[in-house]
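Residues per chain are reported as follows:
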Amino acid sequence: MDIAVEPSLDQLSADLRLRVRRAQVDMLWRHSLPGYVASIVIALLLTWTLSPTLTPEIQLWFGAVFLLTVVRVVLLRIYRSQAVPLADPHRWGNIFVASSGAMGIVWGVLSGLLFAQANEHGQALIAITVAGMVAGAVVTNGYIAQAYYAFLVPALLPLILRAFQGSSEFGVPLGILGTIFAIFMFLSVRRTNRSLIA
């Protein structure tokens, strides 16, 4: 007579944690394509708008956005070619976090390096666009908080620092608003992410 051994609570919680992580990673990859398309379209419109004053730097920046997006689409195709239960959720989660951080760095270059070269209208456009990208990333990156933070910090921090270096009339208020926005987004994603896991 065989007596079935019940799994321990630790084993169940480890299995549950793995399933939750797998579902989170799958949602990251499954919902990423619209974000990639939006990045290209927004970067193209921004490049077209700022080209008269920021040539050739803005075109080089767009090239970086485009190339990184192509890499991310290739990674998405590789991920989708695997059966989800067989995909290593930790590996694919780390790949997504790294690619999200790389895209955050590219958007941070826009606000960190090109912001100072733009006129006030261009600076306002850059600030609004970067803030919009950070807010929009909640939808595609919010399933794993680290993926969102990997984008948020390098995308927004250079803008905040650059704004505080600007005039007291425009730059300092922009830096204060950017700081409040970053804190709010950080806390919102942390709270949302915790509710997904609970």
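Parameters at a glance
Residues numbered from 1 in each chain as written. Predicted model: local features only at pLDDT ≥ 70, side-chain atom pairs only at ≥ 80, totals over all residues. Heavy atoms only, no water. Core = buried A, V, L, I, M, F, W, Y, C linked by side-chain atoms within 4.5 Å. Buried < 20%, exposed > 50% of the residue type's maximum accessible area, 1.4 Å probe, protein only. Helix = DSSP H or I, 4+ residues; strand = E, 2+ residues; numbered from the N terminus. Contact = heavy atoms within 4.5 Å. Patch = residues over 30% accessible without salt bridge, like charges linked within 9 Å, V, L, I, M, F, W, Y side chains within 5 Å. Areas by Shrake-Rupley, 256 points an atom, 1.4 Å probe, with all protein chains shown as cover. Salt bridge = Lys/Arg side-chain N within 4 Å of Asp/Glu carboxyl O. Phe/Tyr/Trp six-rings, centres within 6.5 Å; stacked < 30°, edge-to-face > 60°. Polar contact = N/O pair within 3.5 Å; in protein donor to acceptor, adjacent residues only side chain to side chain.

A.B. asks: Describe the nonpolar core, and please don't skip the residues or the numbers.
C.D. replies: Ranked by size, the top nonpolar core spans 37 residues in total, and within it Trp61, Trp107, Leu110 and Val134 carry the most contacts. Per element, the largest residue contribution to this core is 10 residues, and it comes from helix α6 (residues 145-164). Among residues more than four places away in sequence, those in contact with Trp107 are Ser39, Ile42, Ala43, Leu46, Trp61, Thr129, Val130, Met133, Phe151 and Ala155. By size, the runner-up hydrophobic cluster in this structure holds 15 residues, among which are Leu76, Tyr79, Trp92 and Ile144.

A.B. asks: Summarise a nonpolar patch on the surface; cite the residues concerned and give the values.
C.D. replies: A cluster of nonpolar residues, Leu33, Val37, Val41, Leu45 and Trp48, forms a patch on the protein surface that exposes about 520 Å² of accessible area. For Leu45, a relative accessible area of 49% puts it in the partly exposed group.

A.B. asks: Which residues make up the packing of aromatic side chains, and what values do they have?
C.D. replies: Counted under the stated rule, the structure contains 8 aromatic pairs. Aromatic side chains Trp29 and Tyr79 sit 5.6 Å apart centroid to centroid with 20° between the ring planes, which places their arrangement in the stacked category. In this pair, Trp29 sits in helix α1 (residues 9-30) while Tyr79 sits in helix α3 (residues 57-81), placing the two residues 50 residues apart along the sequence. Given the relative accessible area of 0%, Trp29 is considered buried. Aromatic pair Trp29 and Trp92: ring centres 5.5 Å apart, planes at 85°, arrangement edge-to-face. Here Trp92 lies in helix α4 (residues 89-114) and Trp29 lies in helix α1, a separation of 63 residues in the sequence. Considered together, Trp29 and Trp92 belong to a single accessibility category, that of buried residues.

A.B. asks: Which residues make up the side chain of Thr47, and what are the values?
C.D. replies: Looking at the secondary structure, you find Thr47 in helix α2 (residues 32-54). Judged by relative accessible area, which is 7%, Thr47 ranks as buried. Separated by 2.7 Å, the side chain of Thr47 and the backbone oxygen of Ala43 make a polar contact. Those residues in contact with Thr47, other than ones at most four positions away along the chain, are Ile58, Gln59, Trp61 and Phe62.

Take it as geometry only, folks, not as evidence of what the structure does.
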